[in-house]
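A look at the structure
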Amino acid sequence: MDALKPLGKLIAVGGNEDKGTYANPNPRRRKKYYLNFFELGILKRVVLESGKADPRIEVVTTASMIPEEVGAIYVSSFGMLNCLNVGVLDIRVPADTDQPEYLQRLAAADIIMFSGGDQSRLKEMFGGTRFLELLTTRYQQEPNFVIAGTSAGAMAMSQIMIRGGSVPEALMKGAVKMGTGLALIQNVVIDSHFVKRGRFGRLIEAVGLHPRLIGIGLGEDTGVLIREGNLIETIGSNLVIIIDGHNIRHNNTPGAAKGTALSIENMTMHVLAKGNVYDIRERKFFVDKRTHDEAFGPTAAAITTPAVS
């Protein structure tokens, strides 16, 4: 099997995805709360990509400092989509990952959802574990197996990961802190809460340090569906920013002293809205999946939503 073409799907979300407006309604403003967007939004897409009406979902709250509260929110939110087969994997120390119960639940799940929090904690807890090995194997080998992650859960999907960084010092060397993630995908680096928190500078530095990676900046309540480890479709209500350093000429980022202004020539940027498609391998933007289909023929059949069974 070609390791570059996993059969499963990744859904990386920028954070603050709409979990349903009736989760904590204000009684005095109840008439202004609607479920329409939520029912058409990211969490519904996560469910649809499994191909099942009521998939087995396991929420991993390890990255969060308030795992009980976060787990309860996701159980409630998926429940609003009539998904009642939802569990929470309360993994807090590396030894928990070897528990037979958790490994069995991972093996039986249709969807694994990583919550937000601290992405470095995900690497610390799961790196080199049987849990991560099984997760990766299922992602590589099983069609319609979905791994979703929001905020930290999205950022940790890549091999090279942004651990943090200062927005006020953006575009000065050292504003971004890099590390290693869960390595579910090799050829990208992901940042979250991107547009609202103005994280352009740290993603530019990350790509300047690793120009063979495609930088993906995820807006809030926005995500990307990645098929075959390569084909991106934008989902949600906001924007996705693509940073491509393959054509960089001058670049002082690798050798610059900390605090030095970055100097980069010919960095390429794309702005993707809902429905736009980006091909990582070809490094090309497409307005929608139809135009991608026209360019690549039958191979583009990978960008389809399965029928719900």
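Above: the structure in question.
Here is what the cut-offs are and how they apply
Residues numbered from 1 in each chain as written. Predicted model: local features only at pLDDT ≥ 70, side-chain atom pairs only at ≥ 80, totals over all residues. Heavy atoms only, no water. Helix = DSSP H or I, 4+ residues; strand = E, 2+ residues; numbered from the N terminus. Polar contact = N/O pair within 3.5 Å; in protein donor to acceptor, adjacent residues only side chain to side chain. Contact = heavy atoms within 4.5 Å. Core = buried A, V, L, I, M, F, W, Y, C linked by side-chain atoms within 4.5 Å. Buried < 20%, exposed > 50% of the residue type's maximum accessible area, 1.4 Å probe, protein only. Pairing = 2+ DSSP bridges. Right-handed = clockwise from strand over helix to strand, strands pointing away. Salt bridge = Lys/Arg side-chain N within 4 Å of Asp/Glu carboxyl O.

1. Observations concerning the side chain of Asn252
- Relative to the assigned elements, Asn252 resides in the loop between β12 (240-244) and β13 (268-272).
- Of note is the side chain of Asn252, whose polar atom sits 3.1 Å from the backbone oxygen of Ala261.
- Separated by 2.7 Å, the side chain of Asn252 and the backbone nitrogen of Ser263 make a polar contact.
- Among residues more than four places away in sequence, those in contact with Asn252 are Thr260, Ala261, Leu262 and Ser263.

2. Re the nonpolar core
- Core analysis: the biggest nonpolar cluster contains 54 residues, and Phe126, Leu135, Ile147, Ile190, Ile216 and Ile232 have the highest contact counts within it.
- In this view, Phe126 contacts Val60, Thr62, Ile91, Thr97, Phe114, Phe131, Leu132 and Leu182; residues no more than four positions away in its chain are not counted.

3. Focus on the pairing of strand β9 (residues 214-218)
- With respect to burial, β9 is a largely interior element, five of its five residues being buried.
- Burial along β9 is two-sided: the face carrying Ile214, Ile216 and Leu218 and the face carrying Gly215 and Gly217 are both buried.
- Across four bridges, the pairing between strand β8 (residues 188-191) and β9 is parallel. Within the sheet, the bridge partner assigned to Asp191 lies in β9 and is Gly217.
- What joins β8 to β9 is helix α8 (residues 200-209), and the crossover it makes is right-handed.
- Where β9 lies against β12, five bridges are found, and the strand directions are antiparallel.

4. Comments concerning the pattern of salt bridges
- The final tally for this structure, using the stated rule, is 16 salt bridges.
- Close ionic contact of Glu49 with Lys9 constitutes a salt bridge, the shortest N to O distance being 3.0 Å. Pair noted here: Glu49 is in the loop between α2 (42-48) and β2 (57-60) and Lys9 is in strand β1 (residues 9-13), with a separation of 40 residues, a long-range link. Comparing Glu49 with Lys9 shows no difference in burial state: the two are buried.
- Residue Arg105 pairs with Glu58 through a salt bridge whose shortest N-O separation is 2.8 Å. Placement of the pair is Arg105 in helix α4 (residues 100-108) and Glu58 in strand β2, with a sequence separation of 47 residues.
- Taking the relative accessible area as the measure of exposure, Arg105 reaches 18% and is therefore buried.

5. Quick look at unusual backbone geometry
- Here Ser151, not a glycine, exhibits a phi torsion of approximately 55°, which is positive.
- Within the secondary structure, Ser151 sits in the loop between β5 (146-150) and α7 (152-155).
- The phi torsion at His193 lies on the positive side, around 45°, for a residue other than glycine.
- Note on placement: His193 falls in the loop between β8 and α8.
- When its relative accessible area of 7% is taken as the criterion, His193 is described as buried.

Read these as spatial facts, not as claims about activity.
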